[in-house]
Amino acid sequence: MIANRRLQLNNIITANALMVAQGEHEQVYQNLCVALEKEFEIALLYWRQGKSPIEDMKAALTTSQKMLAAIVDWRLNDDAIMGYGDVWNLVRYISYLLDLPVKLPEDGLSRIREDKSQYADVALDYHVLDALEGREWRDGVTELLERLATKKRQMLAAETFRTYFDLLDALGETGQVETLAGVADINYKRRANDPFYGGGPAYMGGGPDNIYVIDYRLAAILKYLEWEGNMIHKWNWCD
């Protein structure tokens, strides 16, 4: 699985070199986004194996700065980068887990599609990240959770995010955090048979990918809570 993703990364590098020369800047940017996702998947695959994901996470952050340079240097507009805004959420999670600050594009270029019901999970992700980064996060969460739960296939996603926010609200309550961490782990395992997560990228842990990766959002939240317990989703790595 890792070797296959390495091969895909090499193919992207080769393709991008040609596309830059041909001036296909929008495609180059999109390929960089895919490359970052592959690097993140490799990191999570190592994590699940008990091996350090740090090197590949750092590679993903390096790729993110190439993405940012592409936006600035080639003056890419919203249409060019639409559909890849959630990749910048991955960058923020990686930055948080590694304690490595990273430059991000302005909100207008990264916060996309959150007005549509089927993408309420992306909007909720912004609230989780705002909490981790020390900003106000509660305003609007209830409405977004209700919107996400309007479709049956999204019910597990709604339950998952509700548990994340319950965890964030339980800061300092050790017993409650312990209980909710267990609920979050069960929610993650349920993704193996869930159509919403099963239709997503491998790093979300849906379908057959469930046993090969981890819940990186849960990992970031448990780090924020300074949880002292242990599970596969806990961040235990240091550089």
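Structure shown above.
Calculation criteria
Residues numbered from 1 in each chain as written. Predicted model: local features only at pLDDT ≥ 70, side-chain atom pairs only at ≥ 80, totals over all residues. Heavy atoms only, no water. Helix = DSSP H or I, 4+ residues; strand = E, 2+ residues; numbered from the N terminus. Buried < 20%, exposed > 50% of the residue type's maximum accessible area, 1.4 Å probe, protein only. Contact = heavy atoms within 4.5 Å. Core = buried A, V, L, I, M, F, W, Y, C linked by side-chain atoms within 4.5 Å. Patch = residues over 30% accessible without salt bridge, like charges linked within 9 Å, V, L, I, M, F, W, Y side chains within 5 Å. Areas by Shrake-Rupley, 256 points an atom, 1.4 Å probe, with all protein chains shown as cover. Salt bridge = Lys/Arg side-chain N within 4 Å of Asp/Glu carboxyl O.

Caption draft 1: Geometry of unusual backbone geometry. Of note, Arg75 is a non-glycine position whose phi angle comes to about 50 degrees, a positive value. Mapped onto the elements of the fold, Arg75 is located in the loop between helix H3 (54-73) and helix H4 (78-81). Residue class for Arg75 comes out exposed when judged on its relative accessible area of 76%. The backbone phi angle of Glu226 is positive, close to 55 degrees, even though this residue is not glycine.

Caption draft 2: Spotlight on the environment of Gly205. With respect to the secondary-structure elements, Gly205 resides in the loop between helix H11 (195-198) and helix H12 (216-224). Taking the relative accessible area as the measure of exposure, Gly205 reaches 0% and is therefore buried. Sequence separation of Gly205 and Gln8 is 197 residues, and the distance between their C-alpha atoms is 19 Å. Residues within four places of Gly205 in sequence aside, it is in contact with Tyr188, Arg191, Ala192, Asn210 and Val213.

Caption draft 3: Molecular detail of the nonpolar core. Counting residues in each nonpolar core, the largest one holds 79 residues, and the members touching the most others are Tyr29, Leu44, Met57, Leu132, Phe165 and Tyr216. A total of 13 residues in this core trace back to one element, the largest contributor, which is helix H2 (residues 25-48). Excluding its chain neighbours within four sequence positions, the residues that come into contact with Tyr216 are Phe40, Leu44, Leu90, Tyr93, Tyr203 and Met204.

Caption draft 4: Main features of a nonpolar patch on the surface. Taken together, the side chains of Met1, Ile211 and Tyr212 define a hydrophobic patch exposed on the protein surface, amounting to about 300 Å² of accessible area. Here Met1 lies in the segment before helix H1 (2-22).

Caption draft 5: Structural context of the pattern of salt bridges. Counted under the stated rule, the structure contains 14 salt bridges. As a salt-bridge pair, Asp130 and Arg135 come within 3.2 Å of each other at their nearest N and O atoms. The buried category is assigned to Asp130, whose relative accessible area is 9%. In this structure, the salt-bridge partner of Arg191 is Asp215, at a minimum N-O distance of 3.2 Å. Remark: Asp215 occurs in the loop between H11 and H12 and Arg191 occurs in the loop between helix H10 (174-190) and H11; sequence separation between them is 24 residues. With respect to burial, Arg191 and Asp215 carry one shared label: buried. Salt bridges sharing partners connect three or more residues here, namely Arg92, Asp130, Glu133 and Arg135.

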